[in-house]
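Residues per chain, in single letters:
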Amino acid sequence: MRAVCERDVQHRLAVIGAHGWADTVSGLQPGSAWRRGGLELTDVSGELETVRLHGEGLLLIPSVFVGPRGACHHEEPWPKTVIYPARGTAALLDTSSEAPPEALAGLLGRTRALLLLELAAPASTTQLARSLGLAPGAVGDHLTVLRRAGLLDRARTGRSVLYRRTPLGDALAAGALQHDR
């Protein structure tokens, strides 16, 4: 669950960097938008609510426990907060990552195949180790091999190094998943 939330934070940071604050807020939950100096949200009852920030800032918290509308807190003296559904919570119910397609596992090895499939969204070594239940050192070794083979690249984001599939890695993963059906 922690890995899902960490990946969501990394995604939101990338959206802020590439498209700005308004696009980030609009993607938090259904009916959310940045308009007229405030955050418009549809609350649990379906009512439209506008939260004015007045330069106070906004705390965004991804969660795997909230429904599709999330939650908003804006009463004094607490900071204005939006708790929103993290992207990728469906992956918590998906057990398909336990067994990669046989052809891909035969080519790369089971663990490297799992890592390649898990990197549909960028992730750090620590996030991958947590989500797959592996030692960080072993994950790092496998990532190095996949990167040297041209299937992954990496980029530093703050203190983290995020790995992502290259177009070649995407094609290999897509082909393996398609072949497995």
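So, here's what we can say about the structure. (Residues numbered from 1 in each chain as written. Predicted model: local features only at pLDDT ≥ 70, side-chain atom pairs only at ≥ 80, totals over all residues. Heavy atoms only, no water.)

Here's the deal with the pattern of salt bridges
For the record, the criterion: What counts as a salt bridge is simple: a side-chain nitrogen of Lys or Arg found within 4 Å of a carboxyl oxygen of Asp or Glu. Helix and strand definitions follow DSSP, with helices as H or I runs of at least four residues and strands as E runs of at least two, each counted in order from the N terminus. Relative accessible area decides the class of each residue, using a 1.4 Å probe on protein chains only: under 20% of the type maximum gives buried, over 50% gives exposed, and in between gives partly exposed.
Tallying each qualifying case throughout the model produces three salt bridges. A salt bridge links Glu 6 to Arg 130; its shortest N-O distance comes to 3.0 Å. You can see Glu 6 sitting in helix H1 (residues 2–19) and its partner Arg 130 sitting in helix H5 (residues 125–132), a full 124 residues away along the chain. We note a salt bridge from Asp 8 to Arg 12, for which the minimum N-O separation is 3.1 Å. Taken together, the residues span about one helical turn, with Asp 8 and Arg 12 both in helix H1 at a distance of four residues. With relative accessibility at 1%, the residue Asp 8 sits in the buried group. On the accessibility criterion, Arg 12 (9% relative accessible area) is buried.

What to know about a nonpolar patch on the surface
What counts here: Residues forming no salt bridge and having over 30% relative accessible area are the ones grouped into patches, like charges within 9 Å of each other and nonpolar side chains (Val, Leu, Ile, Met, Phe, Trp, Tyr) within 5 Å. With residues, only the protein chains shown are counted as cover, and all accessible areas are computed by Shrake-Rupley using a 1.4 Å probe.
A cluster of nonpolar side chains, Val 9, Leu 13, Ile 16 and Trp 21, forms an exposed patch at the surface whose accessible area comes to about 310 Å². Looking at the nonpolar patch element by element, the count peaks at three residues for H1. Within the secondary structure, Ile 16 is located in helix H1.

Topic: the pairing of strand S2 (residues 38–42)
Heads up, the rule is: By the convention used here, strands pair only if DSSP detects at least 2 bridges between them.
Here S2 lies mainly inside the structure; five of its five residues are buried. Because side chains alternate across S2, one face comprises the buried residues Gly 38, Glu 40 and Thr 42, and the other comprises Leu 39 and Leu 41, equally buried. Pairing geometry for strand S1 (residues 33–35) and S2, over three bridges, is antiparallel. The residue bridging Ala 33 from the neighbouring strand is Glu 40, located in S2.

Brief notes about the sheet that holds strand S5 (residues 71–73)
Defined as follows: Only the stretch in contact is used when a helix axis is fitted, and all axes are lines through C-alpha atoms; the angle between N-to-C directions ranges over 0 to 180 degrees. Note on definitions: a residue-residue contact is assigned when non-hydrogen atoms from the two residues lie within 4.5 Å.
Taken in spatial order, the three strands make up an open sheet running S4-S6-S5, and their pairing is mixed. The two strands at the open ends of the sheet, each matched to only one other strand, are strand S4 (59–63) and S5. Taken over all neighbouring pairs, the strand axes of this sheet differ in orientation by 15° on average, direction set aside. Two elements, S4 and strand S6 (residues 81–85), share five bridges in a ladder whose sense is parallel. When the bridges of S6 are listed, Pro 62 appears paired with Tyr 84. Helix-sheet contacts for H1 involve S4 and S6, and the interaxial angle to S4 is about 135°.

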